[in-house]
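Reading the structure
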Amino acid sequence: MQIDLRFFASVREALGVAEERVDAVPAGIATVGDVREWLCTRGPVWAETLGPQRPLRMALNHTMVPASTRLTDGCEVAFFPPVTGG
Amino acid sequence: MAIRVQTEDFDLSEEVRRLRADDLRVGAVATFVGTVRDLNDGKDVARMTLEHYPGMTEKALESIVAQARERWRMFDALVIHRYGELGPGDQIVLVAVTSAHRGDAFAACEFIMDYLKTEAPFWKKEATPQGERWVDARETDTAARERWVTGEKA
């Protein structure tokens, strides 16, 4: 399964990455929350930025969703801090 | 209904004129304009950068206005939100709602702003004499949105 990752605001700055295409998601990664946990295994900065202690928001295909939401092939998954517009 | 996410400034009276043009059913226009302050959390703000999530931003704002339409009798609505570099005194956001009566217009306008503050993907970064910092989300903003669900006053 292929997915596109997007990172915004303080999350983007901490990781030094705005977007990334993952051509083959590892087996067993089925939900948005799974992607978050998988990314945390990439290293200390990833674990610190995306870890469960962070009040992170997640979106799937441009809609904010809970961690249990299932991925679909070609979907866009975004991670960002709580919003502060207006 | 119109949603605009843009770097350019906007003119309140021109936008209101256009929104209610030729619609003689309109008896009430409620508007909200949010602006950049020069002080936030005790720090002097010299300028601000607003980042957003193109694609999701428009979708989120459309969804918020659609929810308002389900709850109140409104004729039309306009949301303009700026992004990019802004300075103290600059306008950030405009919400305008037309309706037959003020009750619907006031409530829908406030509802749209409260939901925008917690669900539209915008992030503020402030430049202060002590350096740049991302603005933290406020608990009071979440409470303001929740009262529309629970019916309690914030």
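Taking an unreviewed UniProt entry as the reference, chain B is identified by name as Molybdopterin synthase catalytic subunit belonging to Pandoraea vervacti. Among the UniProt annotations of chain B, the heading Subunit (unreviewed entry) holds the following wording: "Heterotetramer of 2 MoaD subunits and 2 MoaE subunits. Also stable as homodimer. The enzyme changes between these two forms during catalysis."

In the annotation of an unreviewed UniProt entry, the entry for chain A reads Molybdopterin synthase sulfur carrier subunit, and the organism field reads Pandoraea vervacti. Regarding chain A, the relevant UniProt record gives this comment under Sequence similarities (unreviewed entry): "Belongs to the MoaD family."

Broken down by element type, chain A carries three helices and five strands. When the helices and strands of chain A are listed from N to C terminus, the series reads β-α-β-α-α-β-β-β. Taking 12 Å as the expected radius of gyration for a compact globule of 86 residues, we find that chain A reaches 12 Å, a close match to that expectation. Along the longest, intermediate and shortest principal axes, the C-alpha atoms of chain A span 35 × 30 × 20 Å. Contacts in chain A between residues at least 24 apart in sequence constitute 51% of all its contacts with a sequence separation of at least 6.

Residue and element names in this part refer to chain B. One can describe the packing of helix H3 (residues 102-119) onto helix H4 (residues 139-150) by two numbers: an axis separation of 9 Å at closest approach and a directional angle of 130°. Accordingly, the angle class assigned to the pair H3 and H4 is oblique. For the crossing formed where H3 meets H4, the hand is left-handed. Facing H3, whose interface residues are Ala107, Glu110, Phe111, Asp114, Tyr115, Lys117, Thr118 and Glu119, H4 presents Asp141, Thr142, Ala144, Arg145, Arg147, Trp148 and Val149.

With that out of the way, let us pick up the interface of chain A and chain B. The partner chain B presents 25 residues to the 20 residues of chain A that form the contact. Of the roughly 1800 Å² buried between chain A and chain B on both sides combined, carbon and sulfur atoms contribute 59%. Of all residues in chain A, the largest losses of buried area upon contact with chain B belong to His62(A), Thr84(A) and Gly86(A), amounting jointly to 37% of the total for that side. Inspection of the region where chain A meets chain B yields two salt bridges. When the shortest N-O distance is used, the salt bridge between Glu13(A) and Lys125(B) registers 2.4 Å. Where chain A touches chain B, the interface holds 14 residue pairs in polar contact (both at pLDDT 80 or more).

The next point concerns the sheet that holds strand E1 (residues 3-7) of chain A. All names here are of chain A. What the five strands build is an open sheet, ordered E2-E1-E5-E3-E4; its pairing is mixed. Looking at which strands have only one partner, the edges of the open sheet turn out to be strand E2 (19-22) and strand E4 (63-64). Relative to strand E5 (residues 75-80), strand E3 (residues 57-60) runs antiparallel, the two being bridged by four bridges. Its bridge partner lying in E5, leucine 60 is registered against valine 77.

Within the largest apolar cluster, 32 residues are counted, with the highest numbers of intra-cluster contacts made by Trp72(B), Val79(B), Val95(B), Val97(B) and Ile112(B). Those elements that provide at least two residues to this core are strand E1 (2-6), strand E2 (28-35), strand E5 (47-52), helix H2 (56-71), strand E6 (76-82), strand E8 (91-99) and H3 of chain B. Element by element, the count of residues in this core is highest for H3(B), at nine residues. In this structure, Val17(A), Trp46(A), Leu60(A) and Phe79(A) belong to the second largest nonpolar core, which totals 24 residues.

Definitions and limits used
- Residues numbered from 1 in each chain as written.
- Chains lettered and ligands numbered in written order.
- Predicted model: local features only at pLDDT ≥ 70, side-chain atom pairs only at ≥ 80, totals over all residues.
- Heavy atoms only, no water.
- UniProt positions renumbered as here; feature names shortened; annotations may be inferred.
- Helix = DSSP H or I, 4+ residues; strand = E, 2+ residues; numbered from the N terminus.
- Rg over C-alpha atoms; globule rule 2.2 N^0.38 Å.
- Contact = heavy atoms within 4.5 Å.
- Axes fitted to C-alpha atoms, helices over the stretch in contact; angles between N-to-C directions.
- Parallel < 35°, antiparallel > 145°, perpendicular 65-115°, else oblique.
- Left-handed = near helix turned anticlockwise from the far one by under 90°.
- Buried area = accessible area lost by both parts, 1.4 Å probe.
- Salt bridge = Lys/Arg side-chain N within 4 Å of Asp/Glu carboxyl O.
- Polar contact = N/O pair within 3.5 Å; in protein donor to acceptor, adjacent residues only side chain to side chain.
- Pairing = 2+ DSSP bridges.
- Core = buried A, V, L, I, M, F, W, Y, C linked by side-chain atoms within 4.5 Å.
- Buried < 20%, exposed > 50% of the residue type's maximum accessible area, 1.4 Å probe, protein only.

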